[in-house]
Amino acid sequence: MKPLLQSETFVRIVAPLAVGVVLLAVWEIGCRLDSIPVYLFPKPSDILASLIKNGPSLLRALLITLRITLQAFAAAVVLGTLIAFMFVQSRAIEVSLFPYAVLLQVTPIVAIAPLIIILVKNTQLSLTVCATLVALFPIISNTTLGLRSVDPGLASYFRMNRASRLKTLVRLRIPGALPYFFGGLRISSGLALIGAVVAEFVAGTGGRSSGLAYEILDAGFQLDIPRMFAALFLITVTGVLLFGAMVGLSRLALSNWHESEIGAEA
């Protein structure tokens, strides 16, 4: 049995939590010693109090932002995977269309979000489209790279046995691409959340259909800085949970056969 300080559970869970507790304690003590006004930089206790006070409205906004995020993430996974499959089947198609995927990635979403919001009349759908565009490229890039990163010897073996493109894709390329695909999921899940929040900022929608971005804007207008930090805290926790879910999914799919996860558990 490994010593506690060297165990995987301690390193990956307990140690980061301990560091977080220390940082929060330093934050709280520093604000109290310097008597920093709450409207400039709130203490963790102020943020917690605001989170409890405004819990219902913040949780409702969180559910709306999370719904947009998950819808965009699912759309990005489906579209990105299909595009990657198309790229790997034809080098001409990849060379012709991949630059547009890069162009989509490097274009700031804040620049095109107003146009999308104008063209798409449904607000929630327009926000989902914006978040999908942000989350799409990592799926395309990683999956395409994985599908092309096959062992040359195995590829020659499949060709020697006259395997069809579909059989080669299903039995050779897809299994080899899974680590790259799950790596893209980890990146894309966070980008979908970022895209949803940025799109909400641009849209500036209010009312009961507003997400966490509107809560941040509204708190800023009212100088309710603790509520602003509380909304930011919920966004951060959501991003961490999404990343953790993708890590868990990757381990579940790869832990029994791929060396990347087998080595991580050693």
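Rules and cut-offs
- Residues numbered from 1 in each chain as written.
- Predicted model: local features only at pLDDT ≥ 70, side-chain atom pairs only at ≥ 80, totals over all residues.
- Heavy atoms only, no water.
- Salt bridge = Lys/Arg side-chain N within 4 Å of Asp/Glu carboxyl O.
- Helix = DSSP H or I, 4+ residues; strand = E, 2+ residues; numbered from the N terminus.
- Buried < 20%, exposed > 50% of the residue type's maximum accessible area, 1.4 Å probe, protein only.
- Core = buried A, V, L, I, M, F, W, Y, C linked by side-chain atoms within 4.5 Å.
- Contact = heavy atoms within 4.5 Å.

Let us look at the pattern of salt bridges. Scanning the entire structure with this criterion turns up seven salt bridges. Here R32 and E28 are joined by a salt bridge, their closest N and O atoms 2.8 Å apart. Of this pair, R32 and E28 both sit in helix 1 (residues 8–34), four residues apart, which is roughly one turn of that helix. What makes R32 exposed here is its relative accessible area of 51%. Among the residues examined, E28 registers a relative accessible area of 14% and is labelled buried. We note a salt bridge from E94 to R148, for which the minimum N-O separation is 2.8 Å. Of this pair, E94 sits in helix 4 (residues 91–106) while R148 sits in helix 6 (residues 123–148), and the two are 54 residues apart along the sequence. E94 gets classed as buried once you look at its relative accessible area, which sits at 11%.

Note on soluble globular proteins: their nonpolar side chains tend to be buried together. Counting 30 residues, the largest nonpolar core has F73, V77, C130 and L185 as its most contacted members. Elements with a minimum of two residues in this core: helix 3 (55–89), helix 5 (109–119), helix 6, helix 8 (165–203) and helix 10 (225–254). If sequence neighbours within four positions are ignored, C130 has contacts with I109, A113, I116 and A199. In terms of nonpolar packing, the next biggest core, distinct from the first, is built from 17 residues, A61, L62, V197 and A231 among them.

It is worth stressing that arrangement in space is one thing and function is another; only the former is reported here.
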